[in-house]
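Residue-level listing of the chains:
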Amino acid sequence: MRVLIVAGARPNFMKVAPILRVLRREGFEAMLVHTGQHYDEAMSDAFFRDLDLPPPDHYLGVGSGTHAQQTARVMQAFEPVLERVQPDWVVVVGDVNSTIACALVTAKRKEDLGVRIAHVEAGLRSRDWRMPEEVNRVLTDRLSDLLLTPSRDAHPNLLREGIEEEKIAFVGNVMIDALLHQLPHARTVDLPGRLGLERGRYAAVTLHRPSNVDDREPLRNVLQALATVAAEMPVVLPLHPRTAKNIQNFGLDDLLSDLLVLEPLGYREMLSLTDAAGVVLTDSGGLQEETTALGVPCVTLREQTERPITVTEGTNRLASWPVTTEGVLGSFHEALLERQGGPNGRRPEGWDGHAAERVVEALAASAALAIA
Ligand code: UD1
């Protein structure tokens, strides 16, 4: 079985690392494609080092651009790789532009190349079509031959869209494989200690969703709310390049003066910051899951979540929407109380460090079925 696995942006690297490791350990031929959607040292290279990812076998170097430009460049650069490698499977993860781009190329060459598509993290739905990720998720699932879900609540979403049950397999959350694997290293890194922060006594924040950061008004509201939280405990904010650029363009730098602003962090540093935080405030998808796995309370600064299991079973809650200072403060205080009450929430089924093994089993079983 020959597998081509695709990563493009920061949230992909921790998902492909465990799958690649298991594929190679089990003796399958596995090749990594990095589209280059993210390319900075901090957004990409640091993750390869921290996650012990081997250098990509194919680097497409597509870089930034509009959605159309980025998606089109990935498609154009990926097709010749697909033709050369002729894999049995193309494995795509998550919901970024690189995911849909490679799935779409593969779907059009299925018949002549005899290749199939597996989507890891299938079936998540925010039902908010303004999110580029929702478009990417729904379309990638529609194109895939094997839909590998991180939680069982994803299954009704797929069945409702008419996807055949035989194509869907529950595997659990591969990102938590990476987390559990790297946690001891992250604790050694001890970023909070190096910053002079006490365990459980600071808020860690990430912010990069277009709905929060691409217009002045919402961005100002969120930053104002964070400045108010900072009056109660230190607020650490590693800044995504998109957010950094917009804060500068909108002249909002003053609102950062009480926050501890950092460059984007590598995987281990971010994990060590999250693990010891009192509360995490975020608009990221991955952090909602990582906080649930770590038992750290999370306030999600979004209107809805495609990861509802982190609310029903885990430690996540949605701040009231649109974001206001009072709304964020209210959720922050609730979350803090939860933290003080001791460990809360539970780790959902299949978030156990063995999801990548189940991914590889599902790929091999389905490949064997195709030959038979
Ligand atoms: C992308 C994903 C999003 C994910 C996020 C994590 C899509 C549609 N969105 O959004 O789901 O949560 O990654 O970070 O794929 N930039 C740099 N250096 C880099 C990468 C980006 O400076 O290495 C800057 C560029 O100015 C770029 C901007 O960040 O235009 C946005 O990058 P882009 O990949 O378009 O989207 P993200 O906002 O990162």
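Being a predicted model, the structure only gives us computed values, none of them experimental.

(A) Just the sheet that holds strand β7 (residues 168–170), in detail. An order of β3-β2-β1-β4-β5-β6-β7 is seen for the seven strands of this open sheet, with the pairing classed as parallel. Each edge of the open sheet carries a strand with a single partner, namely β3 (58–59) and β7. In this structure, strand β1 (residues 2–7) lies alongside strand β4 (residues 89–93), joined through three bridges in parallel fashion. Looking across to β4, one finds that Leu4 is bridged to Val90.

(B) Just the sheet that holds strand β12 (residues 298–300), in detail. Taken together, the six strands give an open sheet; going across it, the order is β10-β9-β8-β11-β12-β13, and neighbouring strands pair in parallel fashion. The open sheet terminates on both sides in strands that have one partner only, identified here as β10 (260–262) and β13 (316–318). Across this sheet, the average inter-strand angle for adjacent strands is 20°, counted without regard to direction. In this sheet, β12 lies alongside strand β11 (residues 279–282) in parallel orientation, the contact comprising three bridges. Note that in β12 the partner of Thr282 across the bridge is Thr300.

(C) Structural detail: the pairing of strand β5 (residues 116–120). Counting buried positions along β5 gives four out of five residues, so the element sits mostly inside the fold. Where β5 lies against strand β6 (residues 146–149), three bridges are found, and the strand directions are parallel. The residue of β6 that forms the bridge with His119 is Leu147. Remark: the β5/helix α6 (residues 132–143)/β6 crossover connection has right-handed handedness.

(D) Geometry of the nonpolar core. By size, the foremost hydrophobic cluster in this structure holds 62 residues, and its most contacted members are Ile19, Leu51, Leu53 and Leu148. The element contributing the most residues to this core is helix α1 (residues 10–25), with eight residues. Mapped onto the domain boundaries, this core takes at least three residues apiece from domain 1 (2–173 + 351–371) and domain 2 (181–340). In this structure Leu51 touches Phe13, Met14, Ala17, Arg21, Ala178, Gln182 and Tyr267, once residues within four positions along its chain are discounted. Formed by 31 residues, the second largest nonpolar core is a distinct cluster that contains Val205, Met233, Val279 and Val299.

(E) Main features of the site of the ligand. Around the ligand, 19 residues are found, and the nearest of them are His38, Glu133, His208, Arg242 and Lys245. Gln37 has a polar side-chain atom sitting 2.8 Å from an oxygen atom of the ligand. Contact between the ligand and His38: an oxygen atom at 2.8 Å from a side-chain N or O atom of the residue. When the ligand is considered free in solution it has 740 Å² of accessible area, and contact with the protein chains removes 89% of it. Contributing elements (two or more residues each) for the shell around the ligand: α1, α3 (67–85) and α12 (241–249). At three residues, the largest contribution of residues to the shell around the ligand is made by α12. Grouping the amino acids of the shell around the ligand by side-chain chemistry returns five nonpolar, eight polar and six charged. Per-domain counts for the shell around the ligand show at least three residues from each of domain 1 (2–173 + 351–371) and domain 2 (181–340).

Thresholds applied
The residue numbers shown here count from 1 along each chain, following its written sequence. In keeping with the predicted nature of the model, local features appear solely for residues at pLDDT of at least 70, side-chain atom pairs appear and are counted solely at 80 or more, and the whole-chain, interface and lining totals rest on all residues. Just so you know, side-chain values use all the structure's heavy atoms and leave hydrogens and water out. Pairing between strands requires that DSSP locate at least two bridges from one strand to the other. The helix count covers DSSP runs of H or I at least four residues long, the strand count covers runs of E at least two residues long, and both are numbered beginning at the N terminus. For helices, the axis comes from a line fit to the C-alpha atoms of the stretch in contact; other axes are also lines fit to C-alpha atoms, and the angle between any two N-to-C directions lies between 0 and 180 degrees. Relative accessibility thresholds used throughout: buried, under 20% of the residue-type maximum; exposed, over 50%; partly exposed, between the two (1.4 Å probe, protein chains only). Crossover handedness is defined by viewing with both strands directed away from the observer: a clockwise path from the first strand over the helix to the second marks the crossover as right-handed. The term nonpolar core refers to a set of buried residues drawn from Ala, Val, Leu, Ile, Met, Phe, Trp, Tyr and Cys, joined through side-chain atoms within 4.5 Å. Annotation comment: domain bounds sourced from an automatic or database domain assignment. Throughout, a contact is declared for two residues whenever any of their heavy atoms are within 4.5 Å. Near, as used in this document, describes a residue that has one of its heavy atoms within 4 Å of the molecule or strand being considered. For this analysis, a polar contact is any N or O atom pair within 3.5 Å, provided that within protein one partner can donate a hydrogen and the other can accept it, and provided that sequence-adjacent residues contribute only side-chain to side-chain pairs. Each accessible area is a Shrake-Rupley estimate made with a 1.4 Å probe; only the visible protein chains count as cover when residues are assessed. Throughout, the ten residues Ala, Val, Leu, Ile, Met, Phe, Trp, Tyr, Cys and Pro are labelled nonpolar, Asp, Glu, Lys and Arg are labelled charged, and all others, Gly among them, are labelled polar.

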